[in-house]
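If you want the building blocks of each chain, they are given just below.
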Amino acid sequence: MSRKELTRCTPEQVGVPSATILELLDALESFPGCEMHALMIMRHGKVCAEGWWQPFAPGQAHICW
């Protein structure tokens, strides 16, 4: 099986304001009981934002409900 790398870009390149993504991250961090592992935002087939919360990392398999 071959692996295809996803195309990356800045949020603004696909019409998403970076400030809006920062507001989303702030809201997720302050939401009681919300334990984030990772986040990937895609628009128009391109990854415009991604990140991981410690101790999680890219390529690290783990159970997520």
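Residues numbered from 1 in each chain as written. Predicted model: local features only at pLDDT ≥ 70, side-chain atom pairs only at ≥ 80, totals over all residues. Heavy atoms only, no water.

S.K.: Would you explain unusual backbone geometry in this entry?
M.R.: The peptide bond linking Q54 to P55 adopts the cis configuration, its omega dihedral lying at 10 degrees. Position of P55 relative to the elements: it lies in the segment after strand 2 (46–52). You will see that H44, though not glycine, has its phi angle at about 55 degrees, which is positive. Within the fold, H44 resides in the loop between strand 1 (38–43) and strand 2. Residue class for H44 comes out exposed when judged on its relative accessible area of 62%. (Helix = DSSP H or I, 4+ residues; strand = E, 2+ residues; numbered from the N terminus. Buried < 20%, exposed > 50% of the residue type's maximum accessible area, 1.4 Å probe, protein only.)

S.K.: Sorry if this is basic, but what is going on with the environment of G45 here?
M.R.: With respect to the secondary-structure elements, G45 resides in the loop between strand 1 and strand 2. Separated by 12 residues in the primary sequence, G45 and A57 place their C-alpha atoms 22 Å from one another.

S.K.: Which parts of the structure should I look at to understand the pattern of salt bridges?
M.R.: Pairing is possible between side chains of opposite charge, provided their charged atoms come close. According to the stated counting rule, one finds three salt bridges in the structure shown. Across the pair E5 and R8 runs a salt bridge, and its minimum N-O distance is 3.5 Å. Of the charged contacts in the structure, one is a salt bridge between E50 and R8, with a shortest N-O distance of 2.7 Å. Note that E50 is positioned in strand 2 and R8 in the segment before helix 1 (18–30), a separation of 42 residues in sequence. The exposure class of E50 is partly exposed, given its relative accessible area of 33%. Members of the salt-bridge network, linked through shared partners, are R3, E5, R8 and E50. (Salt bridge = Lys/Arg side-chain N within 4 Å of Asp/Glu carboxyl O.)

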